[in-house]
Amino acid sequence: MTLRVVPSVLGKRGFQELCARGPRLPLLAASRRLPHVYFRHYATLQEEHGGDSGPPPGFNASKAKQSSDSSASTKPQSATSNSSSSENPSPSSGGSARPSPSTEGPSDWEDHPDLSISKFSELPSRDFGVNQHIIINEEFKEALRQILWKFRAPIRYAFAYGSGVFPQSSGKTSGDSQLHPSPPEAIVKMQDGNQKMIDFIFGVSYSQHWHSLNLQEHRNHYSAVGSLGSYAVSKIQDSFGAGVYFNPYVTVNGTLIKYGVVNLDTLCKDLSEWNTLYLAGRLQKPVKILRDNPAVRLANQVNLIAAVRTALLLLPQEFTERELYTTIAGISYMGDPRMTIGGDDPRKVENIVKHQLSNFRRLYAPLIDNLPNISFVDSACSNQDWLDDPTVNAKLAQNMDPVTRGHMVRRLPSSFRHKLYFEYQSKFNIPRAEFMKMLEQTRDEDPDRIRKREGGPFEQRIASDTEGGGLREEVRQVIESTIRWPSFTQSLKGPITAGFARSWRYAKEKREKAKKGALARQEEEAKEKKTD
């Protein structure tokens, strides 16, 4: 397929470089359909390696939408399609890239996500999920990719995350200027004398095969468990905790890193069903995807839109943009044992949102724009440059109608939703036989792909619950119970997989962060009292 770009946007050198890199998808859309502030940065989507690109065509967060999710026919379209477009996407608006059954509606990717896909052309639309690709410095991104090339074992999906990639504070006191042995210049420049270990997650097709190859090449990355062979390593990875095997404090390409290995099936299952929320929670916050995979991109879009719905169930009718992102970022920390025993910075969530507001917008603004039950209601959004303005904290409003919220409950990820149902079986004293019949009627598995995920009387009753803490408290309890055990067992696995010396170092550094964070919070509270 021929690449067509606008040389004036990229510059002569950028245009020549793009042409030299080989086949690409064409432009995401005509420039008139992209906000100019983003179009000037990215003109093409590098399919196989997950290149950066602008937000979905048609994004218009400032438009006034009516909150009317009360009808089953009113559902979010493809998360990267224009919510004002017709129900069946046309080719000109980035419609389906493959033939679809007549029963498949515009939101079928969410109702029935096909996680068996292996090509980007099989995604619901050409620019589907590009909101997941966060923009970072180009040289820094290349330095991170060079680290991946040091692994010969095949990595199918990879992302970098954490404070080593996205700064979570404006100071220079929490890092180490001599942490990395001999890092690339781009990493030194980006971390700016505040060097921190860089965290990665590697998605692989076959855990045992991957560890077998990696043990031959990087035996020093493993603890004594590596002596037992790849079968033992993969068994520990897949059978305990959240299905991730971490190797921390290893040096690759002169840079100190920590990498976790996870099977792609395990990753997609957690993203689409929320059975542990361990990995889904990490991807609900900005990460830098370095090697993309179509099935994971699809599953993660399900994860992101579920995070918005869950946050809405925890928020009042009116709230700010920062409150929304703080609620979403806090989901994965609600049941984390480290947060309850002082094992991490108590200000972690607010720091993440404060210093990455534009990245959260990139992730979630297109999804918000396409959900009919939530709207931006702030005059600041009428400014076309507001997306890049960190001083804007836009106001939003949601529809609190029980029918609307009942649909939201029904659309929560299956594993998470069933736990919430069981909570309400006990709260509402529903007989077991009646409850099991109700669960059967709300199964997601629909061989005919006809039944839609609509909220019924039970979901509407849940949405209307205000007794005690009401729905908010029940959702919090389910989040905590989902996260607590996998996180706890994953932590117990650490000394075995990483070795006691590395685990002690990691725990010590986390404890130091917690102390500094608690002290900083006390100082902030003292200043506020003086001001008052």
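Residues numbered from 1 in each chain as written. Predicted model: local features only at pLDDT ≥ 70, side-chain atom pairs only at ≥ 80, totals over all residues. Heavy atoms only, no water.

Named according to an unreviewed UniProt entry, the chain is Phosphatidate cytidylyltransferase, mitochondrial originating from Exophiala xenobiotica. The Cofactor (unreviewed entry) comment attached to the chain in UniProt states, word for word, "Mg(2+)". (UniProt positions renumbered as here; feature names shortened; annotations may be inferred.)

Colleague: I'd like a description of the overall build of the chain, backed by residues and values.
Modeller: A count of helices and strands for the chain gives 21 helices and eight strands. Buried positions account for 55% of the 532 residues belonging to the chain. Considering only contacts in the chain between residues 6 or more positions apart, those separated by 24 or more positions represent 75%. On the chain, roughly 23,700 Å² of surface is accessible, and the fraction owed to carbon and sulfur atoms is 51%. (Helix = DSSP H or I, 4+ residues; strand = E, 2+ residues; numbered from the N terminus. Buried < 20%, exposed > 50% of the residue type's maximum accessible area, 1.4 Å probe, protein only. Contact = heavy atoms within 4.5 Å. Areas by Shrake-Rupley, 256 points an atom, 1.4 Å probe, with all protein chains shown as cover.)

Colleague: Tell me about the pattern of salt bridges, residues and numbers included.
Modeller: Counted by the stated rule, this structure contains 11 salt bridges. In this structure, Glu110 and Arg411 form a salt bridge, with 3.4 Å as the shortest nitrogen-oxygen distance. Placement of the pair is Glu110 in helix α4 (residues 108-111) and Arg411 in the loop between α16 (402-410) and α17 (414-428), with a sequence separation of 301 residues. Taking relative accessible area as the criterion, Arg411 reaches 5% and is therefore assigned buried. Between Arg297 and Asp292 there is a salt bridge; the shortest N-O distance is 2.8 Å. With respect to class, Arg297 is no different from Asp292; both count as buried. Members of the salt-bridge network, linked through shared partners, are Glu110, Asp111, Arg309 and Arg411. (Salt bridge = Lys/Arg side-chain N within 4 Å of Asp/Glu carboxyl O.)

Colleague: Which residues make up the sheet that holds strand β4 (residues 255-263), and what are the values?
Modeller: Strand order in the open sheet made by the five strands is β3-β4-β2-β1-β5, with mixed pairing throughout. With partners counted over all chains shown, the strands left at the sheet margins are β3 (244-252) and β5 (288-291), one partner each. Mean inter-strand twist for the sheet, computed between neighbouring axes without regard to direction, equals 25 degrees. In this structure, strand β1 (residues 157-161) lies alongside β5, joined through three bridges in antiparallel fashion. From the neighbouring strand, Ala160 faces β5, where its bridge partner is Lys288. (Pairing = 2+ DSSP bridges. Axes fitted to C-alpha atoms, helices over the stretch in contact; angles between N-to-C directions.)

Colleague: So what about the nonpolar core? Which residues, and what values?
Modeller: If you look at the biggest cluster of nonpolar residues, it comprises 117 residues, and the most contacted ones within it are Phe200, Trp210, Tyr259 and Tyr364. By residue number, the principal contributor to this core is helix α11 (residues 294-314), which donates 14 residues. Excluding residues that lie within four positions of it along the chain, Trp210 makes contacts with Phe151, Ala153, Pro154, Ile155, Phe202, Val204, Tyr222, Tyr259 and Val261. (Core = buried A, V, L, I, M, F, W, Y, C linked by side-chain atoms within 4.5 Å.)

Colleague: Before we move on, can you summarise the sheet that holds strand β8 (residues 395-398) with the specific residues and values?
Modeller: The strand order β6-β8-β7 describes an open sheet built from three strands, whose pairing is antiparallel. Two strands bound the open sheet, and with one partner strand each, they are β6 (318-320) and β7 (374-376). Averaged over all neighbouring strand pairs, the angle between strand axes comes to 25 degrees, with direction disregarded. By the bridge criterion, three bridges tie β6 to β8 in an arrangement that is antiparallel. Within β8, the position partnered with Thr320 by the bridge is Lys395.

Colleague: Tell me what's going on with the packing of α11 against helix α20 (residues 470-498), and back it up with residues and numbers.
Modeller: Between α11 and α20, the shortest axis-to-axis distance is 8 Å and the interhelical angle comes to 135 degrees. In this view, α11 runs oblique relative to α20, as classed from their interaxial angle. Residue-level inspection shows Thr310, Leu313 and Leu314 of α11 in contact with α20, the latter providing Leu471, Arg472, Val475, Arg476 and Ile479. Each residue belonging to the contact of α11 with α20 can be placed in one class, and the counts come to five nonpolar, one polar and two charged. (Parallel < 35°, antiparallel > 145°, perpendicular 65-115°, else oblique. Nonpolar A, V, L, I, M, F, W, Y, C, P; charged D, E, K, R; others polar.)

Colleague: Before we move on, can you summarise the confidence of the model for the chain with the specific residues and values?
Modeller: In this model, the chain carries a mean pLDDT of 78, and residues with pLDDT of at least 70 account for 71%. By mean pLDDT, helix α3 (residues 36-39) is the weakest element of the chain at 34, and β1 is the strongest at 98. Across residues 1-59 the pLDDT falls below 50, and counting only partners more than four positions away or on other chains, this stretch makes 117 contacts in the model. Low confidence marks residues 61-106, where pLDDT is under 50. Its contacts with residues over four positions away, or in another chain, come to 108 contacts. (pLDDT = per-residue confidence, 0-100.)

Colleague: Pulling in residues and values, what's your account of the packing of aromatic side chains?
Modeller: In this structure the tally under the stated criterion is 21 aromatic pairs. Judged by centre distance (6.4 Å) and plane angle (65 degrees), the ring pair of Trp210 and Tyr259 falls under edge-to-face. Residue Trp210 is located in helix α7 (residues 207-217), and its partner Tyr259 is located in strand β4; the two are separated by 49 residues in the primary sequence. When its relative accessible area of 0% is taken as the criterion, Tyr259 is described as buried. Among the aromatic residues, ring-to-ring pairing joins Phe151, Phe200, Phe202, Trp210 and Tyr259 into one connected group. One cation-aromatic arrangement involves Lys258 over Phe246; the distance from NZ or CZ to the ring centre is 5.0 Å. (Phe/Tyr/Trp six-rings, centres within 6.5 Å; stacked < 30°, edge-to-face > 60°. Lys NZ or Arg CZ within 6 Å of the ring centre and 35° of its normal.)

Colleague: Explain a nonpolar patch on the surface residue by residue, including any values.
Modeller: On the surface, Trp485, Phe488 and Leu492 cluster together to form a nonpolar patch covering roughly 350 Å² of accessible area. Within the secondary structure, Leu492 is located in helix α20. (Patch = residues over 30% accessible without salt bridge, like charges linked within 9 Å, V, L, I, M, F, W, Y side chains within 5 Å.)

Colleague: An account of α20 is requested, with residue identities and associated values reported.
Modeller: Helix length check: α20, at 29 residues, gives a terminal C-alpha distance of 42 Å against a target of 42 Å (1.5 Å per residue), a fit within 8%. Along its length, α20 reaches its greatest deviation from straightness, about 30 degrees, at Leu492, and the proline Pro495 lies no more than four positions downstream. Note on α20: the residue one or two positions beyond its end, Gly499, has a positive phi of about 95 degrees. (Expected span 1.5 Å × (residues − 1). Bend = angle between axes of the 7 residues up to and from the residue.)

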